[in-house]
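Given next are the chains, with one letter for each unit.
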Amino acid sequence: QLLLDECSEELHKRNPTDIEFSRAEEIKTGRLMLPIRKIPSCILSMRGLRCLDVTGHPVETLPPEIGELTSLTRLVVVSSNLTELPEELCKLLYLEQLVVSCCPIRRLPEDLCNLVRLWDFYFDGNQLVEMPRKFPPLLNGIKVSGNLLKQLPDAVGTCKDVKSVRAYANQLSSLPESICNLSYATEMSLQGNRLEYLPAALGSLQQLQYLSLHDNNLRTLPASVVQLQELQWLYLYNNKLQDLPKGIGRLRRLERLLVEANPLSKASLADLALGPPLRLLGLDAAQAARHPAPPWASVGWMIPWGKLYAKLQPASQLKRKAGVEPIQGAQPPEHNDVLVVSFAASQAEPEWLGVLSQVHAGQISIAEAEAQISMENVGTFSSLFRKLHGEKSMENDGEHFASTAWLLAPPYNCRSNGEVLGDFDVLSLCDTAAQWYADATEREQLKLEDKLQKFVKDYRRVVFLGVSMGGFAALSNSHLASSVLVFGPQTDLTISHLRPGFDPEHLSRLYENLRKNVRAAVSSGVQFQYHVGIEEHLAYARRLPLPRSSIFIHPIEGRIARLLERVGILWPLLVRTLAQEQRIARGAVPADSLPKDPAPEGDYAWDLNDTEENLVLGMWGRGGKLTTCRIAAKQLCRLCCFAPRAHDWFCSQCLAHNVSKANQCRSCGDQSAPVATVAESWRPNNGRSGQNRLAIRQNHGPLATLTKVISRFASVRGLAIVAFLALLAQFLRRRSRGLKL
């Protein structure tokens with residue numbers, strides 16, 4: 001209501017310094033957020049406003065009055081319908097951060113260089129066709145990926161503090177020589193362009209650690225590349241390179257080198273084979289046929305799908321064991337029964353290969369994975385809350401919601417040997433054009449759905465994997481799969497905080513196509529696992545026609561796939577899924593025995609004010625145990641209001657949730673060691689079990705109080721005082737025992 005002009009008086013009484021409008025706030029407020037199509041006039045007169053954030057709203061223009069907000073230091077307009085920025089924006093001389101991303105905007109104000117305090121600068125995922133000739137002097141990064149730029153201005157080299165250049169997925173045919181002046185740059189992401197050559201002085205960038213040049217038209221690399229001694233990642237695949245600078249594979253810090261889909265000479269391949277071993281060396285089967293691949297190389301067949309990086313390889317080739325020969329030559333007609341299609345996210349890196357190599361390595365048996373990832377229902381959230389907190393009211397006690405989700409998760413302490421996964425095929429897909437695996441005007445025509453439909457028909461079972469943009473692609477093509485596992489995907493591109501800079505009508509069509517294919521997949525029996533944390537992606541999950549039983553909500557904020565990997569859940573989760581698919585493929589389990597829950601009838605998977613506990617909440621136990629409980633939508637909104645993050649902790653006295661930086665409990669002031677920490681890298685027998693956590697809460701009394709005093713004095717008074725207090729505690733303990741007797 002504060003957005004309405006008639007409420008401007010009330011808004012001015014509050015006199016806020018920061019205003020953030022986010023469509024995803026519905027997961028906290030429990031009500032739909034209405035879209036804003038224009039900046040309310042009452043906001044444009046707030047001279048003391050420092051931050052204005054409009055994310056996910058179809059704002060079409062920034063009015064000229066924006067230039068009167070002279071105190072503004074941060075302006076964020078993400079996923080809107082903006083087509084231009086007003087020149088008055090350049091009057092905001094105190095502006096430090098400017099984020100205008102995922103909008104159909106084509107040009108920037110020429111006087112942007114007047115923003116002399118601007119250091120953070122994001123213009124990713126728009127439709128920019130050119131950049132201003134001058135840049136603000138204090139920029140620390142050039143972030144213009146996913147646009148339609150044909151060149152970068154020479155002014156790039158004048159920004160001496162730049163550490164990151166992200167200009168991938170454009171139409172650049174060359175780079176300005178001045179880019180070699182960026183002596184502090186550590187990252188250059190230039191993939192998915194039309195580069196034919198690079199500046200000769202590229203080797204002068206002595207701090208460079210990450211250089212991605214894949215999917216261009218490069219025929220040679222400058223000899224100075226071997227001077228990049230800090231380089232760790234070098235991606236060169238899908239170019240026209242015949243020769244590489246000698247010694248490029250022996251850079252002292254190099255870990256990853258991908259050179260697939262290049263007609264490399266035998267001499268260059270022999271030079272790469274000299275070592276030393278890299279963490280990842282990507283070769284294709286044609287290259288391995290010209291020269292034997294070294295033992296540390298990951299070899300596969302490149303599928304000629306145009307701008308898409310498409311590499312097919314058996315999982316046994318991802319990280320070859322001793323005695324496994326590299327594949328070479330043409331792709332044979334026979335293949336494994338199960339195919340995993342991994343869709344890379346917007347960084348366009350084959351990010352799933354490392355995880356899948358560990359999945360196939362056999363370090364986790366199938367029996368162990370199924371015991372660890374049981375996903376069994378341990379009860380309702382309200383019953384667990386009462387078990388942990390007694391008769392406290394759930395309505396007025398939001399601080400203890402998080403501890404209910406974390407402290408009662410059962411641990412996993414067993415390790416068992418047994419049958420491991422058989423081999424399976426992996427098709428790695430990367431959309432280096434950052435067009436979300438979809439076709440659009442002024443972009444490449446990928447025709448991905450047609451290509452996938454022809455490719456997967458020869459396999460008995462097909463599994464799709466994806467995160468973020470990759471998750472969007474997996475869901476959009478889910479009707480072609482047997483199982484789909486997505487982690488924090490973007491879905492509704494009309495409100496997503498990350499999306500391509502397409503026109504609004506095109507974004508709506510892509511979203512409707514995704515919904516149509518998901519609904520068709522559900523009705524045909526495709527198995528879904530939609531994993532999401534309690535953040536923006538949860539609002540996107542609610543907008544899909546998926547059964548509630550297939551949406552796994554994890555009680556943590558952050559990138560959910562990385563967090564699941566951190567705590568040891570992701571690998572066994574994939575082993576469990578692939579084991580089931582392999583059983584079905586060989587006929588050991590009938591496919592029709594899998595559960596088939598119907599899709600919801602309405603537009604949303606659940607109602608925000610639903611009080612029935614029927615949503616699936618994941619519970620992470622020590623040792624990587626994953627179980628579930630059932631939570632109501634209204635309870636979930638309360639949990640989202642203070643979402644736990646990695647390294648947050650729970651008080652050992654009152655079990656309240658505290659942020660990671662807090663040195664004492666914000667509820668009771670206790671400073672003793674926490675009872676548990678959120679998303680630690682758990683290992684077997686590392687820490688207390690769920691039952692012991694309950695015992696800790698009951699451990700109050702004189703002895704516990706004295707122990708707490710000892711711990712506080714230890715850091716201040718030294719060992720002598722600690723020793724004295726320890727003797728005193730022992731004396732009191734013996735005396736209390738004597739009194740009891």
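Everything below is about the structure shown above.
Since the model is a prediction, treat every value here as computed from it, not as a measurement.

Just to check I follow, could you spell out the overall build of the protein chain for this structure?
Assigned secondary structure in the protein chain consists of 18 helices and 26 strands. Considering the protein chain as a whole, with its 741 residues, one finds that 56% of them fall into the buried category. By sequence separation, contacts in the protein chain at least 24 residues apart represent 53% of the contacts at least 6 residues apart. For the protein chain, the exposed area adds up to about 31300 Å²; of that, 50% sits on carbon and sulfur atoms.

I tried to follow the side chain of serine 101 on my own but got confused; where do I start?
Locating serine 101 in the fold gives a position in strand 4 (residues 97–101). In this structure serine 101 comes out as buried when scored by relative accessible area, which is 8%. Not counting residues within four places of it along the chain, the set of residues in contact with serine 101 comprises Val77, Val78, Ser79, Tyr122, Phe123, Asp124 and Asn126.

What's the story with the state of the cysteines in this structure? I'm lost.
Disulfide: a covalent bond formed between the sulfur atoms of two cysteine residues. The final tally for this structure, using the stated rule, is 0 disulfides. Counting only cysteine sulfurs, cysteine 637 is the nearest neighbor of cysteine 640, a cysteine outside any disulfide, at a range of 6.3 Å. Judged by its relative accessible area of 3%, cysteine 640 is buried.

Would you explain the sheet that holds strand 24 (residues 649–650) in this entry?
Note: strands within a sheet are paired through backbone hydrogen bonds, in either parallel or antiparallel orientation. The strand order across the open sheet formed by 3 strands is 25-24-26, and the pairing between neighbours is antiparallel. The open sheet terminates on both sides in strands that have one partner only, identified here as strand 25 (657–658) and strand 26 (676–677).

Please clarify how the packing of helix 5 (residues 353–360) against helix 14 (residues 570–585) should be interpreted in this entry.
It is the contact of helix 5 with helix 14, at a shortest axis distance of 9 Å, that shows an interaxial angle of 65°. Compared by their axis directions, helix 5 and helix 14 come out roughly perpendicular. The way helix 5 lies across helix 14 gives a crossing that is right-handed. Contacts from Val355, Leu356, Gln358 and Val359 of helix 5 reach helix 14 at Leu570, Trp571, Leu574, Val575 and Leu578. Grouping the constituent residues of the contact of helix 5 with helix 14 by class yields 8 nonpolar, 1 polar and no charged.

Can you walk me through the pairing of strand 19 (residues 483–487) in this structure?
It is a general feature of regular strands that their side chains alternate between the two faces of the sheet. Within strand 19, 5 of the 5 residues are buried, which leaves the element mostly enclosed by the surrounding structure. Of the two faces of strand 19, the one holding Ser483, Leu485 and Phe487 and the one holding Val484 and Val486 are both buried throughout. Looking at chain direction, strand 18 (residues 461–467) and strand 19 are connected through 5 bridges and run parallel. Bridge pairing links valine 463 to serine 483 in strand 19. Regarding the hand of the β-α-β motif, the stretch spanning strand 18, helix 10 (residues 469–476) and strand 19 is right-handed. Sheet analysis places strand 19 next to strand 20 (residues 527–533), joined by 5 bridges and oriented parallel. Across the sheet, residue phenylalanine 487 finds its bridge partner in strand 20, namely histidine 531.

Would you mind going over the nonpolar core with me for this structure?
General note: in soluble globular proteins, nonpolar side chains tend to be found buried as a group. Core analysis: the largest hydrophobic core is formed by 223 residues, its most contacted members being Leu427, Leu452 and Trp620. The element that contributes the greatest number of residues to this core is helix 14, accounting for 7 residues. Formed by 5 residues, the second largest nonpolar core is a distinct cluster that contains Trp649, Cys651, Ala656 and Cys665.

Looking at this model, I keep getting lost on the pairing of strand 23 (residues 625–631). Mind explaining?
Taken across its 7 residues, strand 23 has 6 buried, putting it largely inside the fold. Bridge count for strand 22 (residues 615–621) against strand 23 is 7 bridges, and the pairing is antiparallel. Bridge pairing in strand 23 places glycine 621 opposite lysine 625. Here strand 22 folds back onto strand 23, and the loop between the two strands holds 3 residues, one of which, glycine 623, carries a positive phi near 85°.

How should I be thinking about the environment of threonine 404 in this particular structure?
Looking at the secondary structure, you find threonine 404 in helix 8 (residues 401–407). Taking C-alpha positions, threonine 404 is 6.8 Å from leucine 388, a pair spaced 16 residues apart along the chain. The residues contacting threonine 404, other than those within four sequence positions of it, are Phe381, Leu384, Phe385, Leu388, His389 and Met619.

Parameters and conventions
Residues numbered from 1 in each chain as written. Predicted model: local features only at pLDDT ≥ 70, side-chain atom pairs only at ≥ 80, totals over all residues. Heavy atoms only, no water. Helix = DSSP H or I, 4+ residues; strand = E, 2+ residues; numbered from the N terminus. Buried < 20%, exposed > 50% of the residue type's maximum accessible area, 1.4 Å probe, protein only. Contact = heavy atoms within 4.5 Å. Areas by Shrake-Rupley, 256 points an atom, 1.4 Å probe, with all protein chains shown as cover. Disulfide = S-S within 2.5 Å. Pairing = 2+ DSSP bridges. Axes fitted to C-alpha atoms, helices over the stretch in contact; angles between N-to-C directions. Parallel < 35°, antiparallel > 145°, perpendicular 65-115°, else oblique. Left-handed = near helix turned anticlockwise from the far one by under 90°. Nonpolar A, V, L, I, M, F, W, Y, C, P; charged D, E, K, R; others polar. Right-handed = clockwise from strand over helix to strand, strands pointing away. Core = buried A, V, L, I, M, F, W, Y, C linked by side-chain atoms within 4.5 Å.

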